[in-house]
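Each chain, letter by letter, is given below.
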Amino acid sequence: MRARTSIASGLGRRLVVGTPFFWLVVFFLAPFAIVFGISLSRSRFGVPPYEPLWQNGALAARLDNYAFLLDDPLYLTALLNSLEIAALSAAICLVLGYPIALGVARAPKSWRAPLLLAVILPFWTSFLIRVYAWTGLLKKEGLINDALIWLGLAAEPIQMLQTDFAVHLGIVYSYLPFMVLPLYASLERQDMSLLEAASDLGARPWRAFLTITLPLSLPGALAGFLLVFIPAVGEFVIPELLGDAGTAMIGKVLWTEFFNNRDWPLAAALAITVLTLIVAPLAWLEHLRLKRSEASQ
Amino acid sequence: MTGPAAKQPLDDRPAALILEGVTRRFGATVAVDAVDLTVRSGELFSLLGASGCGKTTLLRMIAGFEIPNSGRVLIDGQDVTHAPPYERPVNMVFQSYALFPHMTVAQNVAYGLKQTGMARSERDDRVQEVLALVELDSFGRRRPDQLSGGQRQRVALARALAKRPKILLLDEPLGALDRKLRERTQFELVNLQERIGTTFILVTHDQEEAMTMSDRIAIMQGGHILQIGPPREVYEYPTSRTVADFIGAANLLEGTVASVEGRSAEIRLQATGGAAMAESDIPLKTGDAVTVMVRPEKIQAHRASTGAANELSGTVIDIAYLGDLSIYHVQIADGVRVQVAIANRRHADEAPFTWDDAVFLSWHPGDGVILIT
Amino acid sequence: MKRLSPWLMLAVVLGYVFLYGPILSLVVYSFNASKLVTVWGGFSTKWYAALLENDKLLDAAFLSLRISVVSATGAVLLGTLSAIALVRFGRFRGRFLFSAMTTAPLVMPEVITGLSMLLLFVSLQHAIGWPDGRSPLTIAIAHITFATAYVSVVVQARLAQMDRSLEEAALDLGARPLRAFLTVTLPLIAPSLIAGWLLAFTLSLDDLVVASFVSGPGSSTLPMVVFSSVRLGLSPEVNALATILLATVAIAAIAAGVLANRNRKT
């Protein structure tokens, strides 16, 4: 039973759904089945560098790779490390981004669009180059160390590049626009007469902010947090360029496993593990959030 | 256009629309429940009801945006139950007007004509003609966002009329206009309809709008049509408490039939134990539980008893001054109030009653309507 | 309008200093004559000249542009179709899976997307002989796949905002569905298609990780070449490239802003 006559019907409808559906099944869903399959095989020298799952008419699946992941603390450490770095960076983004978003949202109306555009603009330039910019600023003979020494704040150059500090900084810098955007949207939407009502009822500005503005902007803060956290967890470029060799983030570990060690099955097992432990819960969370914001509109 | 058919009595005209047992369910809820309806050609017909009563769903089934789960829709004798909207000889004025923002007024009006492949010169003439009809001849090159609300409404009307539909559907067409403009537009719409003779089916929640404009009104609730009739009939002779309550103000007094004589009956009122006279076409018998409905303006109030057969006594407890008239709330028993409307005819008139005055209320037996409870 | 409090004004100013400081430092150093990137050796445009002679970088840039145009166009096609299906078709069989597949790429770490795409291509080649090795084609397929999700989100937002009775009015006036879509829906969602195209273009042009997995020999994209040169240390030519990129984006943004402004006024 069809609910209503839609703008498309019959064949047209099937084409509209079918084309992207087919594409996504082949190029997005199917690969994960293949990744899972390869994660159960054994690595070898050759092309491709893994043994086929079917050998002599029997299934040669083994859980060796997963056992290895559990066995070597490197992987668990990297996983937890990624979560911690991503969460801390997202929290810093929130603290830095909030005043910016609030400032833009409370600016005169004609200023808001250009100010917001200026926040987004860096996103349209190369991500890689923006991260690279920090290497020039952070290194021992870089601009920041020069400035610190010139100001007398440091006696000798401080090691900043290739530290966890630099990784956090890089993430905050790269993803700050992702935090400002949803925060701005929720702050700008707020009815200013709420603040007038609070002040009419005797709340001082700071208190009105804490009791009215802040709680009402929480959905925006949550959205921003997730928008920063999600890409940061799997980040590769930032720890590679700004962190040191020991900075174990899961994206970098997977890259190394694949490109340097050429252990495809282990990389596949790692991918499946990250997928089930991190991506699936995050996707579910994002799904719930979108559903709720849809319902509230 | 069929030309004015106003002089021909309604019942003799051919049916423009017939609905037979039309039902539409959304999941577990039944939006429209087995509705039968016939709208005559050239009629201005209103579907009136509160939001969620099914009136809009009914209209959308006539337009073809919803397909009934069961029942049939016939337009001009043709079964169009399953026809898509673009194959039906009806056009709609949307509540939001739905004017295409990227087209000029003239392009909006020409849109439907283009789909039929009408020659360009004929199309241009037709666009000018309908724009003149709604007095927007010189606005063809404007865009919708350069028009006022009332002008947009008229463009929507012109666009829907351009194809000369068998039936024009109007979904709350005046809802977005302010009160003054709405009242003026009501009359303009009626005049227009009389001139071109097209069947109009109007959905509205505004009873005044339905009363002012319609030849007939269908009052809907919960997916059912409760009553169909001319405005005067549904106001004076409602057939149910819901209709009585929905259209205008109504005093509803419960009681039982004490005696019957032809059309009139004596009712013993539950609230006071006293008697009241009222009339009904429904056969009644002694002991039936009924409700007596009397409109506030049909009640006379006096300081002293007149000795009329259906007289109630009470105390004024509230007065609402509305300018043209005042509504007196009279308590006739604990928790039972009767509203009485009295016109304020003269400047100098003092209010005839004030708070706590004892008053006697009576009405002509024919003005009391008996409703089966 | 109340004045902005000085604290907020300061926060906004500092925020922009943080966002633009590092980028501007690249611009300044791109005109530095010294080979030592962080030591000022006088004004010079020699790195721009060097950039123009760097065939490897220019080839990569040209390849990246071609891949990005193809990817963005493909992603807009698929993303728009999926947005229409998700916003306009109500319930249909497989809707949950469909909606999951269009949102999942947004939360997928790039390394996993890259790895899975590569393993797919390897397996496909093994099984049916296609695709024949890794090439710009496989990069474009991978980019289309993840960019579709972004385009879909952008177009969905616009479609959901659009008054549905506009389409109904077109049908009511006798337009068949395809025609109603082409004459009413498409012109009205066009801005979101352009925004989606630009977003997909940028994502593709910017992508290092996925491309690294699915590119073959001889198909190095611009980010891959830049990455390998900056991994070896600072490279003044990259500064020059960054400056050109920034100028392009800034000019495009200002032009778009001016255009939008003029449209609003007329």
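Predicted model only: the values in this text are computed from it and were never measured. (Residues numbered from 1 in each chain as written. Chains lettered and ligands numbered in written order. Predicted model: local features only at pLDDT ≥ 70, side-chain atom pairs only at ≥ 80, totals over all residues. Heavy atoms only, no water.)

### Considering the overall build of chain C
Then, number 1: Each helix and strand in chain C was counted, giving eleven helices and zero strands.
Then, number 2: Beginning at the N terminus, the succession of helices and strands in chain C can be written as α-α-α-α-α-α-α-α-α-α-α.
Then, number 3: Principal-axis analysis of the C-alpha atoms gives chain C an extent of 70 × 65 × 30 Å.
Then, number 4: Taken over 266 residues, chain C has a buried fraction of 56%.
Then, number 5: Considering only contacts in chain C between residues 6 or more positions apart, those separated by 24 or more positions represent 68%.
Then, number 6: Taken as a whole, chain C presents about 12100 Å² of accessible surface, with 68% of it coming from carbon and sulfur.
Then, number 7: With 19 positive and 12 negative side-chain charges, chain C shows a separation of 9 Å between the mean positions of the two kinds. (Helix = DSSP H or I, 4+ residues; strand = E, 2+ residues; numbered from the N terminus. Buried < 20%, exposed > 50% of the residue type's maximum accessible area, 1.4 Å probe, protein only. Contact = heavy atoms within 4.5 Å. Areas by Shrake-Rupley, 256 points an atom, 1.4 Å probe, with all protein chains shown as cover. Lys, Arg positive; Asp, Glu negative; His and termini not counted. Charge placed at Lys NZ, Arg CZ, Asp CG, Glu CD.)

### Regarding the environment of Leu 26 of chain C
Then, number 1: With respect to the helices and strands, the residue Leu 26 of chain C is situated in helix H1 (residues 6-30).
Then, number 2: Separated by 215 residues in sequence, Leu 26 of chain C and Leu 241 of chain C have C-alpha atoms that sit 9.5 Å apart.
Then, number 3: Sequence-distant contacts of Leu 26 of chain C, defined by excluding residues within four places in its chain, comprise Ile 129, Tyr 132 and Ala 133 of chain A together with Asn 239, Ala 242 and Thr 243 of chain C.

### Remarks on the interface of chain A and chain C
Then, number 1: Taken together, the contact pairs 86 residues of chain A with 85 residues of chain C.
Then, number 2: Taking both partners together, chain A and chain C bury about 7600 Å²; carbon and sulfur atoms supply 82% of that area.
Then, number 3: Applying the counting criterion to the chain A and chain C interface returns one salt bridge.
Then, number 4: The salt bridge involving Arg 231 of chain C is made with Glu 240 of chain A; its shortest N-O contact spans 2.7 Å.
Then, number 5: In this assembly, chain A and chain C are joined by nine residue pairs in polar contact (both at pLDDT 80 or more).
Then, number 6: Contributions of two or more residues to the side of chain A that touches chain C are made by helix H1 (11-39), helix H3 (73-106), helix H4 (109-124), helix H5 (127-138), helix H7 (164-189), helix H11 (237-242), helix H12 (250-260) and helix H13 (264-296) of chain A. (Buried area = accessible area lost by both parts, 1.4 Å probe. Salt bridge = Lys/Arg side-chain N within 4 Å of Asp/Glu carboxyl O. Polar contact = N/O pair within 3.5 Å; in protein donor to acceptor, adjacent residues only side chain to side chain.)

### Examining the sheet that holds strand E9 (residues 216-221) of chain B
Residues and elements named next belong to chain B.
Then, number 1: On the basis of which strands lie adjacent, the open sheet formed by six strands has the order E6-E7-E8-E3-E9-E10 and mixed pairing. Two strands bound the open sheet, and with one partner strand each, they are strand E6 (90-93) and strand E10 (224-229). The average undirected angle you get between the axes of adjacent strands in this sheet is 20°.
Then, number 2: The pairing of strand E3 (residues 44-48) with E9 spans four bridges and is classified as parallel. Opposite Leu 47, over in E9, you have Ala 218 as the bridge partner. (Pairing = 2+ DSSP bridges. Axes fitted to C-alpha atoms, helices over the stretch in contact; angles between N-to-C directions.)

### Quick notes on the nonpolar core
General note: in soluble globular proteins, nonpolar side chains tend to be found buried as a group.
Then, number 1: Counting 147 residues, the largest nonpolar core has Val 237 and Leu 254 of chain A together with Tyr 16, Ile 112 and Phe 213 of chain C as the members making the most contacts within it.
Then, number 2: Leu 254 of chain A has contacts with Ala 267, Leu 270 and Ala 271 of chain A together with Val 111, Ile 112, Leu 115 and Phe 213 of chain C, leaving out every residue within four places of it along the chain.
Then, number 3: Within the second largest apolar cluster, 66 residues are counted, among which are Cys 53 of chain B together with Ala 75, Phe 92 and Leu 159 of chain C. (Core = buried A, V, L, I, M, F, W, Y, C linked by side-chain atoms within 4.5 Å.)

### Looking at the pattern of salt bridges
Then, number 1: The tally for this structure, following the rule as stated, stands at 27 salt bridges over all chains.
Then, number 2: Linking Glu 66 of chain B and Arg 24 of chain B is a salt bridge whose minimum nitrogen-to-oxygen distance equals 3.4 Å. A residue pair is termed long-range when its members are at least 10 positions apart, and Glu 66 of chain B in the loop between helix H1 (55-63) and strand E4 (70-75) and Arg 24 of chain B in strand E1 (residues 15-26) qualify at 42 residues.
Then, number 3: On the accessibility criterion, Arg 24 of chain B (2% relative accessible area) is buried.
Then, number 4: Several salt bridges converge on common partners, so that one network encompasses Arg 24, Arg 60 and Glu 66 of chain B together with Glu 168 of chain C.

### Description of the pairing of strand E2 (residues 29-40) of chain B
Then, number 1: Strand direction decides the pairing type here: E1 of chain B and E2 of chain B, joined by eight bridges, are antiparallel. Across the sheet, the residue bridging to Phe 26 of chain B is Thr 29 of chain B, located in E2 of chain B.

### Structural notes on helix H9 (residues 205-216) of chain A
Residue and element names in this part refer to chain A.
Then, number 1: With twelve residues, H9 ought to run about 16 Å at 1.5 Å a step, and its terminal C-alpha atoms sit 15 Å apart, in line with that.
Then, number 2: Buried within H9 are the following residues: Ala 208, Phe 209 and Thr 213. Across the axial projection of H9, the buried residues extend over an arc of 100°, all falling on one side.
Then, number 3: Among the structural elements, H3, H7 and helix H8 (192-200) are those in contact with the buried residues of H9. (Expected span 1.5 Å × (residues − 1). Arc of directions from axis to C-beta.)

### Here we look at H5 of chain A
The periodicity of an α-helix, 3.6 residues per turn, causes residues three or four places apart in sequence to face the same way.
All names here are of chain A.
Then, number 1: Taking 1.5 Å per residue, twelve residues should reach 16 Å; H5 reaches 17 Å between its end C-alpha atoms and fits that length.
Then, number 2: Burial runs high along H5: twelve of the twelve residues are buried.
Then, number 3: Among all positions in H5, only Phe 127, Leu 128, Ile 129, Arg 130, Val 131, Tyr 132, Ala 133, Trp 134, Thr 135, Gly 136, Leu 137 and Leu 138 are buried.
Then, number 4: Capping the start of H5 is the job of one residue whose side-chain oxygen sits 3.3 Å from the backbone nitrogen of Leu 128: Ser 126.

### Comments concerning the confidence of the model for chain B
Then, number 1: With 97% of its residues at a pLDDT of 70 or more, chain B shows a mean pLDDT of 91.
Then, number 2: Predicted confidence is poor over residues 1-6 of chain B, with pLDDT under 50, and the contacts of this stretch with residues over four places away or in other chains come to eleven contacts. (pLDDT = per-residue confidence, 0-100.)

### A closer look at the sheet that holds strand E19 (residues 358-362) of chain B
All names here are of chain B.
Then, number 1: The five strands lie next to each other as E15-E19-E16-E17-E18, forming an open sheet whose pairing is antiparallel. At either margin of the open sheet sits one strand with a lone partner, and together these are strand E15 (300-302) and strand E18 (336-343). Here the average twist between neighbouring strands, direction ignored, is 45°.
Then, number 2: With six bridges connecting them, strand E16 (residues 311-321) and strand E17 (residues 325-333) associate as antiparallel partners. By the bridge assignment, Ile 319 is partnered in E17 with Tyr 328.

### Looking at the packing of H8 of chain A against H9 of chain A
Residue and element names in this part refer to chain A.
Then, number 1: Axis separation between H8 and H9 bottoms out at 10 Å; the angle between their running directions is 155°. Judged by the angle between their axes, H8 and H9 are roughly antiparallel. Remark: the crossing between H8 and H9 carries right-handed chirality. In contact with Leu 194, Leu 195 and Ala 198 of H8, H9 contributes Ala 208, Ile 212, Thr 213 and Leu 216. (Parallel < 35°, antiparallel > 145°, perpendicular 65-115°, else oblique. Left-handed = near helix turned anticlockwise from the far one by under 90°.)

### Looking at the environment of Leu 203 of chain C
Residues and elements named next belong to chain C.
Then, number 1: Inspection of the secondary structure puts Leu 203 in helix H8 (residues 177-206).
Then, number 2: Leu 203 sits in the buried class, given a relative accessible area of 16%.
Then, number 3: As for Leu 203 and Ala 160, which are separated by 43 residues in sequence, their C-alpha atoms are 24 Å apart.
Then, number 4: For Leu 203, the contacting residues outside a window of four places in its chain are Phe 146 and Tyr 150.

### Some words on the packing of aromatic side chains
Then, number 1: Counted according to the given criterion, the structure contains 31 aromatic pairs over all chains.
Then, number 2: An angle of 80° between the planes, with centres 5.3 Å apart, marks the rings of Phe 28 of chain A and Phe 32 of chain A as edge-to-face. Taken together, the positions of Phe 28 of chain A and Phe 32 of chain A, both in helix H1 and four residues apart, correspond to about one turn of that helix.
Then, number 3: By relative accessible area, Phe 32 of chain A is classed as buried at 12%.
Then, number 4: Measuring from centroid to centroid gives 5.4 Å for Tyr 173 of chain A and Phe 18 of chain C, while their planes differ by 85°, and the two rings are edge-to-face. One end of the pair, Tyr 173 of chain A, is in helix H7; the other, Phe 18 of chain C, is in helix H1, on a second chain. Of the two residues, Tyr 173 of chain A and Phe 18 of chain C, both sit in the buried class.
Then, number 5: Every member of this aromatic cluster is reached through a ring pair, and the members are Tyr 50, Phe 236, Trp 255, Phe 258, Phe 259 and Trp 264 of chain A together with Phe 213 and Phe 227 of chain C.
Then, number 6: In this arrangement the basic side chain of Arg 159 of chain B is found over the ring face of Phe 100 of chain B, its NZ or CZ atom lying 4.6 Å from the centre. (Phe/Tyr/Trp six-rings, centres within 6.5 Å; stacked < 30°, edge-to-face > 60°. Lys NZ or Arg CZ within 6 Å of the ring centre and 35° of its normal.)

### Here we look at the domain arrangement of chain B
All names here are of chain B.
Then, number 1: The assigned domain composition of chain B is domain 1 (10-242) and domain 2 (249-372).
Then, number 2: Here the C-alpha centre of domain 2 lies 39 Å away from the C-alpha centre of domain 1.
Then, number 3: The interface of domain 1 with domain 2 comprises eight residues on the first partner and nine residues on the second.
Then, number 4: Summed over both partners, the interface of domain 1 with domain 2 buries about 780 Å², with 49% contributed by carbon and sulfur atoms. (Domains from an automatic or database assignment.)

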